[in-house]
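If you want the building blocks of each chain, they are given just below.
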Amino acid sequence: LIPALLSFLKRCPRDSSEQYLTLLVLNNLSIPTQNKRLIALEFGGAKTLGRLLCEDPGCHLLVIIIVNLTFGDDKLNRDLLTMSGTSSQQVVSGDESNRERSFLSCGGDVQLVDSLGYALLLASLTTEQ
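Only a predicted model underlies this, so the values are computations on that prediction, with no experimental measurement involved.

A. Highlighting the overall build of the protein chain. Across its full length, the protein chain holds 8 helices and 0 strands. Listed N to C, the secondary structure of the protein chain is α-α-α-α-α-α-α-α in terms of helices and strands. Contacts in the protein chain between residues far apart in sequence, at least 24 positions, make up 61% of those at least 6 positions apart. When the accessible surface of the protein chain is totalled, it reaches about 7,200 Å², and 57% of it is carbon and sulfur.

Spelled out as structure tokens, the structure:
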């Protein structure tokens, strides 16, 4: 079920009812301890959710799922932090699409820490920036 949900989530239109329902189901599945590692690492959920968070930093359900996945599993948290391919270069000037493109094209896969950093960066900017 988890691989099918993650695959479907990649194809869902942003802010669609399909995306919302898929995220709700994934949220429920991300709570049990035995599912956390499966979703985050074995099925590539951290990468998928991180990419989606960069595309839509205001999606609260994505952040809730990420919190669920990382809550209470120190080994999983260490594994997520040490995943290879993280080299982000943040841009704080220019319009939003340029910031996103620069952040996402920094080489390697978008990782969870990069995604959270990007969402935090956007949240801290003023509307003029």
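B. Structural context of the confidence of the model for the protein chain. Counting all residues, the mean pLDDT for the protein chain is 78, and 76% of those residues have values of 70 or more. Summarising per-element confidence for the protein chain, the mean pLDDT is lowest in helix α7 (residues 96-104) (44) and highest in helix α2 (residues 17-29) (96). Note that pLDDT drops below 50 for residues 84-94; the model gives that stretch 26 contacts with residues more than four away or on any other chain. For residues 96-108, every residue scores under 50 in pLDDT, and the model assigns this stretch 31 contacts once sequence neighbours within four places are set aside.

C. The arrangement of unusual backbone geometry in detail. A positive phi angle, close to 65 degrees, is found at D15, a residue other than glycine. The exposure class of D15 is exposed, given its relative accessible area of 63%.

D. Representation of the pattern of salt bridges in the model. Within this structure, the stated rule accounts for 3 salt bridges. Of the charged contacts, one joins D56 and R14 as a salt bridge, the two residues approaching to 3.0 Å between their closest N and O atoms. Note that D56 is positioned in the loop between α4 (45-55) and α5 (60-70) and R14 in the loop between α1 (2-11) and α2, a separation of 42 residues in sequence. On the basis of relative accessible area, D56 is assigned to the buried category, the value being 9%. K75 is paired through a salt bridge with D79; the nearest N and O atoms lie 3.4 Å apart.

E. Expanded view of α2. Its 13 residues give α2 an end-to-end C-alpha distance of 18 Å, which sits within 8% of 18 Å, the value for a rise of 1.5 Å per residue. Regarding α2, the residues found buried are Q19, T22, L23, L26, N27 and L29. Axial view of α2: buried residues confined to an arc of 155 degrees, hence all on one face. Along α2, the residues that are exposed and aim more than 90 degrees away from the buried face are S17, Y20, L21 and N28.

What counts, and at which threshold
- Residues numbered from 1 in each chain as written.
- Predicted model: local features only at pLDDT ≥ 70, side-chain atom pairs only at ≥ 80, totals over all residues.
- Heavy atoms only, no water.
- Helix = DSSP H or I, 4+ residues; strand = E, 2+ residues; numbered from the N terminus.
- Contact = heavy atoms within 4.5 Å.
- Areas by Shrake-Rupley, 256 points an atom, 1.4 Å probe, with all protein chains shown as cover.
- pLDDT = per-residue confidence, 0-100.
- Buried < 20%, exposed > 50% of the residue type's maximum accessible area, 1.4 Å probe, protein only.
- Salt bridge = Lys/Arg side-chain N within 4 Å of Asp/Glu carboxyl O.
- Expected span 1.5 Å × (residues − 1).
- Arc of directions from axis to C-beta.

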